[in-house]
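Here is what each chain is made of, one letter per residue.
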Amino acid sequence: GDMEPPNSSAADQPDVCFGVFNASDGRSNAQKSIASPWFSTAFGLIGLCSNLFALCVLIGSSRQLSSRSRSPFLVFLCGLVVTDFMGLLVTASVIIPYHFIKFVWAEVDPSCHLCNFLGFSMVFFGQCPLLLGATMAGERFFGINHPFSRSTSISKRRAWSIVGLVWGFSCALGLLPVLGLGKYTLQYPGSWCFLTLLPDTGDVIFCLLFALLGIFSVLLSFIFNTVSVVTLCRVYHDRESVQRRRDSEVEMMVQLVGIMIIATICWMPLLIFIVQTVLQQLPARGQIRMLPTETQEMLLIYIRMVTWNQILDPWVYILFRRAVLQRVYPSLRPRPSILSLYPVLNPSLRRKFTAG
């Protein structure tokens, strides 16, 4: 096996991060296929390179930016790329060495400090992209459907403040097990730590809080983006505004919808699985001390899917930029402005908002 089996006394202590799974139950074939070290190594390297490349492109785009309406969106997008990059860097720095060294967690980390840090990182860097996606969708919703409800667009400083609030909230969520609500435990095949899917009261509350918050973020993004897309479709079919030369709204929505679709496909199976698992185990509260084999393996598979979210997010921005799309489809023309929804607006005021 990948680890020495945890002793029974450790498994019986609720404050110890070992004993949730048994690493020596004869699943060598499954470990070779599902828990291959090359999965973590390949995903980590590809994700790091992708996010680093996207970050360089974003910095270049920000320097050439002339549209104030696009500025906060690029800030949020930059925050998302930085979060994905740091998430891959932090988690890979622990998980990948384990696969090649095969160290024993109980000996290297008897006080569970490393396990708690890795579990916190998984929750923090997992929840941040979902919340940032909802934040970006909300900003675009108000920017497209209520463009004149604010005297000016969000400044870069305020946008970075919002990103900081998202990071702070996710940090507070990740610290809950350290403060006593739930606990982080070692997961199959012994290379990573995550929240505990056991029917203990604290674990159930923390699992539901993490999963339901993520589901709410995805659903909120879907609602905001759906309304925004419908609004843009109305603008797109308005023939009177074909000559308007502002298509940044369409470009941003294409990127945002792509981010939402990726987050939904990668995250929803895991979030729903967490909710179903803890609720199904509630009748056996206090009796189940170790996760079933099927639960352990399915959790690992869903985590693999979540990793793809961090890999694919940067490519949404890299590939769905106007500069790239216009090279692939030279016949593309600029789309109309959102201001065409307000044909009775005073012409001088319209020129004020369309300038720049």
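Everything below is about the structure shown above.
Residues numbered from 1 in each chain as written. Predicted model: local features only at pLDDT ≥ 70, side-chain atom pairs only at ≥ 80, totals over all residues. Heavy atoms only, no water.

A. Representation of the overall build of the protein chain in the model. For the protein chain, the helix and strand inventory stands at 13 helices and two strands. A burial count over the protein chain gives 52% of its 356 residues as buried. Excluding contacts between residues fewer than 6 apart, the proportion of contacts in the protein chain whose partners are at least 24 apart in sequence is 83%. A total of about 17,000 Å² of accessible surface is found on the protein chain, and carbon and sulfur atoms cover 65% of it. (Helix = DSSP H or I, 4+ residues; strand = E, 2+ residues; numbered from the N terminus. Buried < 20%, exposed > 50% of the residue type's maximum accessible area, 1.4 Å probe, protein only. Contact = heavy atoms within 4.5 Å. Areas by Shrake-Rupley, 256 points an atom, 1.4 Å probe, with all protein chains shown as cover.)

B. Quick look at the state of the cysteines. Inspection of the entire model under this criterion finds two disulfides. Covalent S-S linkage joins Cys17 and Cys112, the inter-sulfur distance amounting to 2.1 Å. Residues Cys17 and Cys112 are joined through a disulfide that is left-handed, its torsion about the S-S bond being -90°. Of this pair, Cys17 sits in the loop between helix 1 (8-12) and helix 2 (28-34) while Cys112 sits in the loop between helix 5 (105-108) and helix 6 (113-145), and the two are 95 residues apart along the sequence. Judged by relative accessible area, Cys17 falls into the buried class, the value being 2%. Paired by a disulfide, Cys115 and Cys193 hold their sulfur atoms 2.0 Å apart. Between Cys115 and Cys193 the sulfur-sulfur dihedral comes to about -120°; the bridge is accordingly left-handed. In this pair, Cys115 is assigned in helix 6 and Cys193 in strand 2 (residues 192-195), connecting sequence segments 78 residues apart. A relative accessible area of 0% means that Cys193 is categorised as buried. Cys128 provides the cysteine sulfur closest to Cys171, a residue in no disulfide bond, and the two sulfurs are 8.7 Å apart. What makes Cys171 partly exposed here is its relative accessible area of 27%. (Disulfide = S-S within 2.5 Å.)

C. The environment of Trp192, seen in detail. Tracing the backbone through its elements, the reader meets Trp192 in strand 2. For Trp192, a relative accessible area of 3% corresponds to the buried category. Sequence separation of Trp192 and Ile95 is 97 residues, and the distance between their C-alpha atoms is 6.1 Å. Every residue in contact with Trp192, bar those within four places of it in the chain, is listed here: Ile95, Leu118, Met122, Thr185, Leu186, Gln187, Leu299, Leu300 and Ile303.

D. Structural view of the environment of Asp200. With respect to the secondary-structure elements, Asp200 resides in the loop between strand 2 and helix 9 (201-236). Expressed as a C-alpha distance, the spacing of Asp200 and Arg289, which sit 89 residues apart in the sequence, is 9.2 Å.

E. Geometry of helix 6. In this model helix 6 runs 47 Å from its N-terminal to its C-terminal C-alpha over 33 residues, within 8% of the 48 Å that 1.5 Å per residue would give. Taken across its 33 residues, helix 6 has 27 buried, putting it largely inside the fold. (Expected span 1.5 Å × (residues − 1).)

F. Structural context of the pairing of strand 1 (residues 184-187). As defined by bridge partners, strand 1 adjoins strand 2 across four bridges and the pair is classed as antiparallel. Looking at strand 2, one finds that Tyr184 is bridged to Leu195. Linking two consecutive strands that pair antiparallel, namely strand 1 and strand 2, is a turn of four residues; a positive phi of about 100° is found at Gly190 within it. (Pairing = 2+ DSSP bridges.)

G. Quick peek at the nonpolar core. In this structure, Trp105, Trp192, Phe194, Leu195, Leu197, Phe210 and Ile274 are the most contacted members of the largest nonpolar core, which totals 86 residues. Residues within four places of Phe210 in sequence aside, it is in contact with Val123, Gln127, Leu173, Phe194, Leu195, Trp267, Leu271 and Ile274. (Core = buried A, V, L, I, M, F, W, Y, C linked by side-chain atoms within 4.5 Å.)

H. View of the packing of helix 4 (residues 71-101) against helix 6. Across the interface, helix 4 lies against helix 6 with an axial gap of 10 Å and an inter-helix angle of 165°. The orientation of helix 4 relative to helix 6 falls into the category roughly antiparallel. Relative to helix 6, helix 4 is oriented so that their crossing is left-handed. By residue class, the composition of the contact of helix 4 with helix 6 is 18 nonpolar, six polar and three charged. (Axes fitted to C-alpha atoms, helices over the stretch in contact; angles between N-to-C directions. Parallel < 35°, antiparallel > 145°, perpendicular 65-115°, else oblique. Left-handed = near helix turned anticlockwise from the far one by under 90°. Nonpolar A, V, L, I, M, F, W, Y, C, P; charged D, E, K, R; others polar.)

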